[in-house]
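Here's the letter readout for the chains.
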Amino acid sequence: MTRPEDVQSIYDAIPVEEKLVWIEGTTRRFDGYNYFAEHLEVAVEWFESHAA
């Protein structure tokens, strides 16, 4: 198990400017899976801009 601050530290340490997305307003991991199911366009836009 991790704490939200552990996950934030990992995210902050990723050495690129444009990261996929940080989901605000929750500390529940499963909300991340639901977010992309409900907002697929966020992931598609990111991948399209970085896979070209």
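For every chain, the first residue of its written sequence is number 1, and the numbers climb from 1 along that sequence. Local features in this predicted model are restricted to residues whose pLDDT is 70 or higher, and side-chain atom pairs enter the listing and the counts only when it is 80 or higher, whereas totals over whole chains, interfaces and linings include all residues. As a convention, hydrogens and water are excluded, and side-chain values are obtained from all of the structure's heavy atoms.

### Considering the overall build of the protein chain
Point 1. Of the regular secondary structure elements, the protein chain holds 3 helices and 0 strands.
Point 2. Listed N to C, the secondary structure of the protein chain is α-α-α in terms of helices and strands.
Point 3. Projected onto its principal axes, the C-alpha coordinates of the protein chain cover approximately 35 × 25 × 15 Å.
Point 4. Buried positions account for 10% of the 52 residues belonging to the protein chain.
Point 5. Computed with a 1.4 Å probe, the accessible areas rest on the Shrake-Rupley method; for each residue, only the protein chains presented here act as cover. When the accessible surface of the protein chain is split by element, carbon and sulfur atoms take 58% of a total near 4700 Å².
Point 6. For the purpose of charge, His is not counted, nor are the chain termini; Lys and Arg are scored as positive and Asp and Glu as negative. A charge is said to be at NZ when it belongs to Lys, at CZ for Arg, at CG for Asp and at CD for Glu. Distance between charge centres in the protein chain, computed from 4 positive and 11 negative side chains, equals 11 Å. The helix count covers DSSP runs of H or I at least four residues long, the strand count covers runs of E at least two residues long, and both are numbered beginning at the N terminus. Buried means the residue's accessible area, taken with a 1.4 Å probe over protein chains only, is under 20% of the maximum for its type, while exposed means over 50%, and partly exposed covers the values in between.

### A closer look at the pattern of salt bridges
Point 1. When a carboxyl oxygen of Asp or Glu lies within 4 Å of a side-chain nitrogen of Lys or Arg, that pair is called a salt bridge. Evaluated as defined, the whole model comprises 3 salt bridges.
Point 2. We note a salt bridge from Asp6 to Arg3, for which the minimum N-O separation is 2.8 Å.
Point 3. Asp6 sits in the partly exposed class, given a relative accessible area of 26%.
Point 4. With a closest N to O distance of 3.0 Å, Arg28 and Asp31 form a salt bridge.
Point 5. For Arg28, a relative accessible area of 58% translates into the label exposed.
Point 6. Taking relative accessible area as the criterion, Asp31 reaches 17% and is therefore assigned buried.
Point 7. Through salt bridges with shared partners, one network takes in Arg3, Glu5 and Asp6.

### A word on the packing of helix α2 (residues 29–38) against helix α3 (residues 40–50)
Point 1. Packing of α2 against α3 brings their axes to within 4 Å, and their N-to-C directions diverge by 80°. Put simply, α2 runs roughly perpendicular to α3. Where α2 abuts α3, its residues Tyr35, Phe36, Ala37 and Glu38 lie against Leu40, Glu41, Val42 and Ala43.
Point 2. Lys, Arg, Asp and Glu make up the charged group, whereas Ala, Val, Leu, Ile, Met, Phe, Trp, Tyr, Cys and Pro make up the nonpolar group; the residues left over, Gly among them, are polar. For the contact of α2 with α3, the residue count by class is 6 nonpolar, no polar and 2 charged. Only the stretch in contact is used when a helix axis is fitted, and all axes are lines through C-alpha atoms; the angle between N-to-C directions ranges over 0 to 180 degrees. In this scheme, roughly parallel covers angles under 35 degrees and roughly antiparallel covers those over 145, while 65 to 115 is roughly perpendicular and the rest are oblique. Contacts are assigned to residue pairs that have any heavy atoms within 4.5 Å of one another.

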